[in-house]
Amino acid sequence: MNFTIRQEGLGWRIIRNIILLIGIIIILGPMYLVIVNSFKSLEEAGRGFFSLPQSLNFSNYTELLSKGNYWRYVWNTTFITVGSIIMVLLINPTVSYAIARNRHKKYYNFVYVYILLGLFVPFQVIMLPLTKIMTNLNLLNPYGLILLYGALSLTRGVFLLVNYIQAMPTEIEEAARIDGCSTFQIYHSIILRLTMPMLVTLVIMDALWFWNDFMLPLLILNKAKEFWTLPLFQYNFKTEYSFNYTMAFTSYLMAMLPIIVIYAAGQKHIIAGLTEGAIKG
Amino acid sequence: MISKFLERSTYFLFTLPAVILYTLFFAYAVFVGIQYSFTDWNGISAQYNYIGFHNYIELWNNPNFKQSLIVTGKYAGMLVAGVMILSLILALSLNSLKKFQTFTKSVYFLPAMISAVTISLIWDQLFVRVIPPIGEALNVAALFQSPLAHPKYALIAVVVVNIWQAVALPTLIFIAGLQSVPSELYEAGRIDGASTFNRFRYITFPYLMPTITVNMVLAIKSGITSFDYAYTLTGGGPIKSTNVIGIMIYNDAFQNLKFAMANAESVILFIIIAVLSFIQIKISSKGGVH
């Protein structure tokens, strides 16, 4: 049956491979430079920016870890990401389930449209009032940021989940109801399980957003150094390391490291999950 | 009694946390933002006055605002063009790859994992350390310094960094779109003697239409509202050449004590996005295979 598989022209295959190779160099080249230079002293990098380090010199790393409060920022970023994901999982599927099963009722349809309208609002419109609202509520801290992420996750979350739940058959739910299950029990033991694929997608998309976000932490946390996340730490240290650039590379690498380790471990699921959500979104 | 009440109102209770949070941190914020835009508040003082459309009129006459809109338009235009063309080429290439497809895909997706700040800082260093030696070797004066320091090239340099990261997700979406094209159509096309280009033009392209719309919408919105890259790389300079609207709003609100003015700027941004979204929905509702 091999003859039915499209034989692509040699010319296209060569061009394609050249394109992909150039792309890989453009993506991995900067990564390579960051890694090799993070192990060099300034003087060594001056002699050869592109060469491999002469030895694995960890002094940049020990210096960064000893004075930079690095672990504090990793902890803050982790805390905010995990806390926000919990918020996402608490409020998104519940409201989406309620909407999906009651679209014919005015209130639920209103809530649906109300939340979806947020898709058209650029972040800049709410960011300035939010700083004032958060200041007034005394929430310029990680907890405030978690609440905000929960609220801001709703537009995408409701959009994806309502469509997903509406497409699910209702027979199992009806059978469970006849067996005397309450709405909450049905939600808890049936709906949550059936929406798992879409929830995974949502969690991946939102976790990347929370972990890497710069704008909201800048607005909410920048004044208090003890609350800084990794992107804030990076941004605020950019002047400090502007001369000691091998040290700067070490800090970039350390800022990327947690997410790259996670990516290396689960890249297949991450890519699949993001594609799923992106197509439906 | 209580359990019966709870059962009847479960759905309603399910909506409450979301509705409350969304109302306070989103809807109310939009409302307050629009309200501020009609005041003269500097963001700090205890009192402020309502001044009608004064801020909007002032913006209309403000050359900096116009310039910022133009910079934003250029930024978005270059970003959309770069992202759409590159991600389509990469998706076609990756999709037809037989060997190492998983590995290559995961390399191409790596940039989407890293924060814009880290990426910007890395490229900032690369522009300083890599471009000038190349410029000196080739004796091209324009490359003697980092392109970020040059009013003419800074915007392009910022967009390049943004594209470096922003291509990943649209590429994935395009690959998924390509896989939705029924392979029988290619067969039929080949039997009818259609060239590779014509197969793309008449088979692949119509099936990709919805995907193109999705990617376009995402790219335009991210281009118009962009902040992270320009803010980290140039802070809007040199000579405001990269002063996108996102930076102008931020600086007016928090540096220049023009908080109300900044709100008026973001309301205008809101209107621009709303109009563009409307046009896009109108266009994408015709044509293409759904």
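Structural notes, computed from the coordinates.

Counting its secondary structure elements, chain B contains 13 helices and zero strands. What you see in chain B, going N to C, is helices and strands ordered as α-α-α-α-α-α-α-α-α-α-α-α-α. Over its C-alpha trace chain B gives a radius of gyration of 24 Å, far above what one expects of a compact globule, namely 19 Å for 290 residues. Summarising its shape, the C-alpha atoms of chain B cover approximately 80 × 75 × 35 Å along the three principal directions. Taking all 290 residues of chain B together, 51% fall into the buried category.

Another aspect to go through is the overall build of chain A. If you tally the helices and strands in chain A, you get 13 helices and zero strands. When its helices and strands are written in sequence order, chain A yields α-α-α-α-α-α-α-α-α-α-α-α-α. Relative to the globule expectation of 19 Å for 281 residues, the C-alpha radius of gyration of chain A, 24 Å, shows a markedly less compact shape. When the backbone C-alpha atoms are referred to their principal axes, chain A occupies close to 75 × 70 × 35 Å. Here chain A holds 281 residues, and 54% of them are scored as buried.

The next point concerns the pattern of salt bridges. Between side chains of opposite charge, a pair can form as their charged atoms come close. All names here are of chain A. Applying the stated criterion across every chain, the model contains four salt bridges over all chains. In this structure, R101 engages E173 in a salt bridge whose closest nitrogen and oxygen atoms are separated by 2.7 Å. Here R101, found in the loop between α4 (70-100) and α5 (106-116), pairs with E173, found in helix α8 (residues 171-178); they are 72 residues apart in sequence, far enough to count as distant. In this structure, D206 engages R156 in a salt bridge whose closest nitrogen and oxygen atoms are separated by 2.8 Å. Of this pair, D206 sits in helix α10 (residues 196-212) while R156 sits in helix α7 (residues 142-166), and the two are 50 residues apart along the sequence.

Turning next to the interface of chain B and chain A. Facing the 84 residues of chain B at the interface are 89 residues of chain A. Summing both sides of the interface, chain B and chain A together bury roughly 7900 Å²; the carbon and sulfur share of this comes to 76%. Among the residues of chain B in contact with chain A, Y11, F14 and F25 of chain B are the three that bury the most area, contributing 11% of the side total. Remark: the boundary between chain B and chain A carries one salt bridge. One salt bridge connects R177 of chain A with E7 of chain B, and the closest N-O pair in it is separated by 3.8 Å. Here chain B and chain A share 19 residue pairs in polar contact (both at pLDDT 80 or more) between them. For the side of chain B that touches chain A, the leading source of residues is helix α2 (residues 10-36) of chain B, giving 21 residues. Residue composition of the side of chain B that touches chain A, by class: 55 nonpolar, 20 polar and nine charged.

The next thing to look at is the packing of aromatic side chains. Counted by the stated rule, this structure contains 49 aromatic pairs over all chains. Aromatic side chains Y36 of chain B and W41 of chain B sit 5.1 Å apart centroid to centroid with 45° between the ring planes, which places their arrangement in the tilted category. On the basis of relative accessible area, W41 of chain B is assigned to the buried category, the value being 10%. Through pairs of rings, three or more aromatic residues link up here, namely F214 and Y235 of chain A together with Y36, W41, Y48, Y50, F227, Y231, Y250, F254 and F259 of chain B. Its guanidinium or amino end placed over the ring of Y245 of chain A, R129 of chain B lies 3.5 Å from that ring's centre, counting from NZ or CZ. R201 of chain B extends its terminal NZ or CZ atom over the ring of Y202 of chain B, reaching a point 4.8 Å from the ring centre.

Our next topic: the packing of α7 of chain A against α10 of chain A. Residues and elements named next belong to chain A. Between α7 and α10, the least distance of the axes is 11 Å, while the angle of their chain directions is 155°. The orientation of α7 relative to α10 falls into the category roughly antiparallel. The two elements α7 and α10 meet at a crossing, and its hand is right-handed. Seen from α7, the contacting residues are Y149, L152, S153, R156, G157, L160, L161 and Y164; seen from α10, they are P197, M198, L199, L202, M205, D206, W209 and F210. Looking at the contact of α7 with α10 residue by residue, the classes come out as twelve nonpolar, two polar and two charged.

Residue and element names in this part refer to chain B. For N62, the location among the structural elements is in the loop between α3 (54-60) and α4 (63-96). Since its relative accessible area comes to 18%, N62 is described here as buried. The spacing of N62 and A137 is 75 residues in sequence and 43 Å in space, taken between C-alpha atoms.

All names here are of chain B. Interaxial distance between α4 and helix α10 (residues 196-224) falls to 10 Å at its minimum, and their mutual angle equals 145°. Helix-helix and strand crossings are classified by hand; for α4 and α10 the assignment is right-handed. Judged by residue contacts, T72, Y75, A76, L79, V80, M84, L88 and L92 of α4 engage F200, L208, I212, N215, M216, A219, I220, S222, G223 and I224 from α10. Split into classes, the residues belonging to the contact of α4 with α10 amount to 14 nonpolar, four polar and no charged.

Parameters at a glance
- Residues numbered from 1 in each chain as written.
- Chains lettered and ligands numbered in written order.
- Predicted model: local features only at pLDDT ≥ 70, side-chain atom pairs only at ≥ 80, totals over all residues.
- Heavy atoms only, no water.
- Helix = DSSP H or I, 4+ residues; strand = E, 2+ residues; numbered from the N terminus.
- Rg over C-alpha atoms; globule rule 2.2 N^0.38 Å.
- Buried < 20%, exposed > 50% of the residue type's maximum accessible area, 1.4 Å probe, protein only.
- Salt bridge = Lys/Arg side-chain N within 4 Å of Asp/Glu carboxyl O.
- Contact = heavy atoms within 4.5 Å.
- Buried area = accessible area lost by both parts, 1.4 Å probe.
- Polar contact = N/O pair within 3.5 Å; in protein donor to acceptor, adjacent residues only side chain to side chain.
- Nonpolar A, V, L, I, M, F, W, Y, C, P; charged D, E, K, R; others polar.
- Phe/Tyr/Trp six-rings, centres within 6.5 Å; stacked < 30°, edge-to-face > 60°.
- Lys NZ or Arg CZ within 6 Å of the ring centre and 35° of its normal.
- Axes fitted to C-alpha atoms, helices over the stretch in contact; angles between N-to-C directions.
- Parallel < 35°, antiparallel > 145°, perpendicular 65-115°, else oblique.
- Left-handed = near helix turned anticlockwise from the far one by under 90°.

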